[in-house]
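Structural features, examined
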Amino acid sequence: MDGCRSGVPTYEGDLHVVAAAHHIVKALGATKNLSDDLRKILIDLDSHLSMITSNIDSKGGRGLVDVEERLDRAERKIMRWETDPMMIWDSGPKEASDYLEAVDETGKLVDGLRGLSVHENRKQKEILHRAMNILQTAMSRLEEELIHILVRHGQQFEPKSMYSRSIRKDIVYDESFVSVEDEPTKETSSQNCSNDESGECIVDLVHADVIPDIKSIAKVMFTSNYGPEFCEAFIIVQKEALEQYFSFLGTENLSIENVLKMEWTCLSSKMNKWTWSMKIIVRVYLASEKQLCNQVLGGLGSVSSYCFLEISKATILCLLNFGEAVAMGPHRPEKLLRLLDMYETLADLLRDIDTLFSEEAGSFIQLQFHELLERLGESAIAAFKAFRVAISSNGCLYPFAGGGVHPLNKYVMNYIRMFPEYCDTLNLLLKNQHPGVADQVTKPDYGPDTSLLTSCPMAYHLRSITSCLESNLHKKSQLYKDEALQHIFLMNNIHYLVQKVKGSKLRLFFGDEWIRKHNAMFQQHAMNYERATWSSVVSFLKDNNPGSSSMSKSTFKERCKGFSIAFEEVYKTQTSWSIPDPQLREDLRISTSLKVVLAYRTFLGRNLAYTDDKCVKHTVEHVENSLLDLFGGSSRSLRDSRRW
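Residues numbered from 1 in each chain as written. Predicted model: local features only at pLDDT ≥ 70, side-chain atom pairs only at ≥ 80, totals over all residues. Heavy atoms only, no water.

**Details of the overall build of the protein chain**
Within the protein chain, the regular secondary structure consists of 22 helices and two strands. Per-residue burial over the protein chain gives 48% buried out of 644 residues. Once local pairs closer than 6 in sequence are excluded, the contacts in the protein chain between residues at least 24 apart make up 79%. Per element, the accessible surface of the protein chain, about 32300 Å² overall, is 52% carbon and sulfur. (Helix = DSSP H or I, 4+ residues; strand = E, 2+ residues; numbered from the N terminus. Buried < 20%, exposed > 50% of the residue type's maximum accessible area, 1.4 Å probe, protein only. Contact = heavy atoms within 4.5 Å. Areas by Shrake-Rupley, 256 points an atom, 1.4 Å probe, with all protein chains shown as cover.)

Here is the structure:
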């Protein structure tokens, strides 16, 4: 057969195929409503076919010289940069355009020569081999140029310009509930540049002016079948930039073992940093990286998604691994708020993650996010249970000095004061946790006007926690031998409970009826204190014979002496007792003064005949002023402060 040899098309056969292709391209080009991109593709294809026709003609002795001349011109433009220390894209747009034009020309020549049979034409084979070497050189240079552009024009941004970092005061106590001082809580809010806490914030990771340059390099490299090399260079630079930014945020790549061994203070800081970093990495950096990948590679099918996944997955997996380690660690009470922060952060980011990794290749990232969210929720519930158990089981062998507000009370109330910030999350997580116990112990009966908040799951559990706390405080009050000090201790601590509830959003969950009930409770303890302390003291001032105007001098002396001794003993003891709240301390001093001073003034007034006697050790004014020294927390002797 003359028309074919070893399956290779003949010269005439090649011409027929190319002619047919030309006809198809011309017909498509005549179609109306073609997009600009498609019309450009057809023009390029027509140019390729023309060049192939020229190459086919060269087999018949026509055009091969022209092909070689075209290659010579392209080679000169390409190879001159191999000895020039300057970067092409730094030298100006014309130089870059000329270089790309030469590379494009070389690629067309290679495609054309490859499309023909070269088995019988040694010269043609030499030209093809030479063109491929030139193209390889150009591709290597374009990789260098790409890396240079990405690095030089990479944009740095300050994370605080994206998010106002919300730092919640950390409550770091051990199981002994050591003393903690109350501090005012400053409310902070998070905001980002889209004015929507849940919205993403896109920034330019690479300067917008060079995006067309990167796209032009991508186009030439993919057209020349060097797409994998472009992707590799692009991924390396962008992945390194992300890792540097990750390090800049202060987030480390920690092993699970290291996290499990970490001291709580350090772990708490890492957990707080994790929530902040996760938001910025996902909503700002990865959203911006996704945009960059789409800008550069969006017209190349799944290539954009592939590059984005390769750039981001190591950092994302690092963040997820830390979350996994935290979730599997011990369920300590102090971890609760941090766990809730992590849970809410992850829940808030699920939609972003599902969007960023929507393709099948990234489905494993989505799955791991959802699984971690579930595990963090379980850990938060376990930490909540541990918190309640720690309150109930907190024991003590000795009474708390001075009868002031117990550290356990401060710990619990300052801790749960943060819970309203997590209302929706806690209601979700606690919905089916111990409903029976919560209902029996703490379910309020406030009538038809009950707020929805006072009957939500979190409210039940809050009241259950304070019920456990009150029970524990009652047990601790029994450690005092002095009944009056028992009442001072309970008065202080129940008053503290009420003030913490009234002065925060806890009020919405406890309700006004709870507050009224507990107001009455601490007021009752104040009355019980007065009875336990002053009934015996004032009893010395009572007249056993109320019908007479005065008592005998000996009886008066005996009563004065008894009152003075009892009063001085109360003074010495109760000046060391503590009522931390200034208003509560003042109210109890006034209430006590009204009873004691009035009784003492009446006693002396009925026995004016004996008041000049030395048996009257304390004046009314002296007693009244001395009562103002009570509950200061520092023991004092009345003799040392005697006023005459």
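After presenting the structure, the write-up continues.
**Digging into the state of the cysteines**
All told, the structure shown has zero disulfides when counted by the stated rule. For the unlinked cysteine Cys423, the closest cysteine sulfur is that of Cys456, found at 4.9 Å. Cys423 gets classed as buried once you look at its relative accessible area, which sits at 12%. (Disulfide = S-S within 2.5 Å.)

**What about helix 20 (residues 553-574)?**
Between its first and last C-alpha atoms helix 20 spans 31 Å; for 22 residues at 1.5 Å apiece the expected length is 32 Å, and the two agree. Looking only at helix 20, the buried set comprises Phe556, Arg559, Cys560, Gly562, Phe563, Ser564, Ala566, Phe567, Glu568, Val570, Tyr571 and Gln574. At its buried positions, helix 20 is contacted by helix 19 (512-539), helix 21 (582-606) and helix 22 (620-627). (Expected span 1.5 Å × (residues − 1).)

**Here we look at unusual backbone geometry**
Of note in this structure, Asn225 is not a glycine but carries a positive phi near 65°. Secondary-structure assignment places Asn225 in the loop between helix 6 (211-223) and helix 7 (227-248). Taking relative accessible area as the criterion, Asn225 reaches 56% and is therefore assigned exposed. Positive phi values are uncommon outside glycine, yet Phe631 reaches one of about 65°. Position of Phe631 relative to the elements: it lies in the segment after helix 22.

**A closer look at the pattern of salt bridges**
Summed over the entire model, instances satisfying the criterion amount to 23 salt bridges. Linking Lys290 and Glu359 is a salt bridge whose minimum nitrogen-to-oxygen distance equals 3.7 Å. Here Lys290, found in helix 9 (residues 264-297), pairs with Glu359, found in the loop between helix 11 (336-356) and helix 12 (363-393); they are 69 residues apart in sequence, far enough to count as distant. Its relative accessible area of 13% is what places Lys290 among the buried residues. For Glu359, a relative accessible area of 32% translates into the label partly exposed. The partner of Glu530 in a salt bridge is Lys595, and the shortest N-O contact between them spans 3.0 Å. (Salt bridge = Lys/Arg side-chain N within 4 Å of Asp/Glu carboxyl O.)

**Comments concerning the packing of aromatic side chains**
Within a pair of aromatic rings, the relevant descriptors are the distance that separates the centres and the angle that separates the planes. Tallying each qualifying case throughout the model produces 18 aromatic pairs. Pairwise contacts between aromatic rings join Phe384, Phe387, Tyr411, Tyr415 and Phe419 into one cluster. (Phe/Tyr/Trp six-rings, centres within 6.5 Å; stacked < 30°, edge-to-face > 60°.)

**Considerations on the packing of helix 13 (residues 407-416) against helix 16 (residues 457-477)**
As a packed pair, helix 13 and helix 16 sit with axes 11 Å apart at the nearest point and diverge in direction by 170°. One way to sum up the angle between helix 13 and helix 16 is to call them roughly antiparallel. Here Leu408, Asn409, Val412, Met413 and Ile416 of helix 13 come into contact with helix 16, specifically with Leu462, Ile465, Thr466, Leu469, Asn472, Leu473 and Lys476. Residue classes in the contact of helix 13 with helix 16 are distributed as eight nonpolar, three polar and one charged. (Axes fitted to C-alpha atoms, helices over the stretch in contact; angles between N-to-C directions. Parallel < 35°, antiparallel > 145°, perpendicular 65-115°, else oblique. Nonpolar A, V, L, I, M, F, W, Y, C, P; charged D, E, K, R; others polar.)

**Section: a nonpolar patch on the surface**
Taken together, the side chains of Ile256, Leu260 and Met328 make up a nonpolar region of the molecular surface, amounting to roughly 250 Å² of accessible area. For Met328, the location among the structural elements is in helix 10 (residues 303-328). (Patch = residues over 30% accessible without salt bridge, like charges linked within 9 Å, V, L, I, M, F, W, Y side chains within 5 Å.)

**Things to note about the nonpolar core**
Leu142, Phe230, Val412, Ile416, Phe419 and Trp534 are the most contacted members of the largest nonpolar core, which totals 177 residues. With 16 residues, helix 9 is the largest single contributor of residues to this core. The residues contacting Phe230, other than those within four sequence positions of it, are Leu146, Ile214, Ile217, Ala218, Met221, Phe222, Val296 and Leu297. (Core = buried A, V, L, I, M, F, W, Y, C linked by side-chain atoms within 4.5 Å.)

**Structural notes on the environment of Arg589**
In this structure, Arg589 sits in helix 21. For the pair formed by Arg589 and Glu624, sequence separation is 35 residues and the distance between their alpha carbons is 9.6 Å.

**Here we look at the packing of helix 17 (residues 483-502) against helix 19**
The N-to-C vectors of helix 17 and helix 19 enclose an angle of 160°; their axes lie 8 Å apart at closest approach. Taken together, helix 17 and helix 19 sit at an angle that is classed as roughly antiparallel. Of the two possible hands of crossing, helix 17 and helix 19 adopt the one that is left-handed. Contacts between helix 17 and helix 19 involve Glu483, Ala484, His487, Ile488, Leu490, Met491, Ile494, His495, Leu497, Val498, Val501 and Lys502 from the former and Trp514, Ile515, His518, Asn519, Met521, Phe522, His525, Ala526, Asn528, Tyr529, Ala532 and Thr533 from the latter. Of the residues in the contact of helix 17 with helix 19, the class split is 15 nonpolar, seven polar and two charged. (Left-handed = near helix turned anticlockwise from the far one by under 90°.)

**Here we look at the environment of Asn294**
As for its placement among the helices and strands, Asn294 is situated in helix 9. Asn294 sits in the partly exposed class, given a relative accessible area of 39%.

**Here we look at the confidence of the model for the protein chain**
Put simply, the protein chain has an average pLDDT of 82, and 78% of its residues get 70 or more. Across the protein chain, helix 17 holds the top mean pLDDT of 96, while strand 1 (residues 4-5) sits lowest at 35. Taken together, the stretch residues 1-13 has pLDDT below 50 and engages in 13 contacts with residues farther than four places along the chain or on a different chain. Low pLDDT, under 50, characterises residues 161-180; the stretch is placed with 54 contacts to residues that sit more than four places away or in other chains. (pLDDT = per-residue confidence, 0-100.)

**Some details on the side chain of Ser379**
Residue position: Ser379 is located in helix 12. Sequence-distant contacts of Ser379, defined by excluding residues within four places in its chain, comprise Ala327, His331 and Leu339.

**So, the side chain of Ser268**
Turning to its location among the elements, Ser268 is positioned in helix 9. A polar side-chain atom of Ser268 sits 3.1 Å from a polar atom in the side chain of Arg338. (Polar contact = N/O pair within 3.5 Å; in protein donor to acceptor, adjacent residues only side chain to side chain.)

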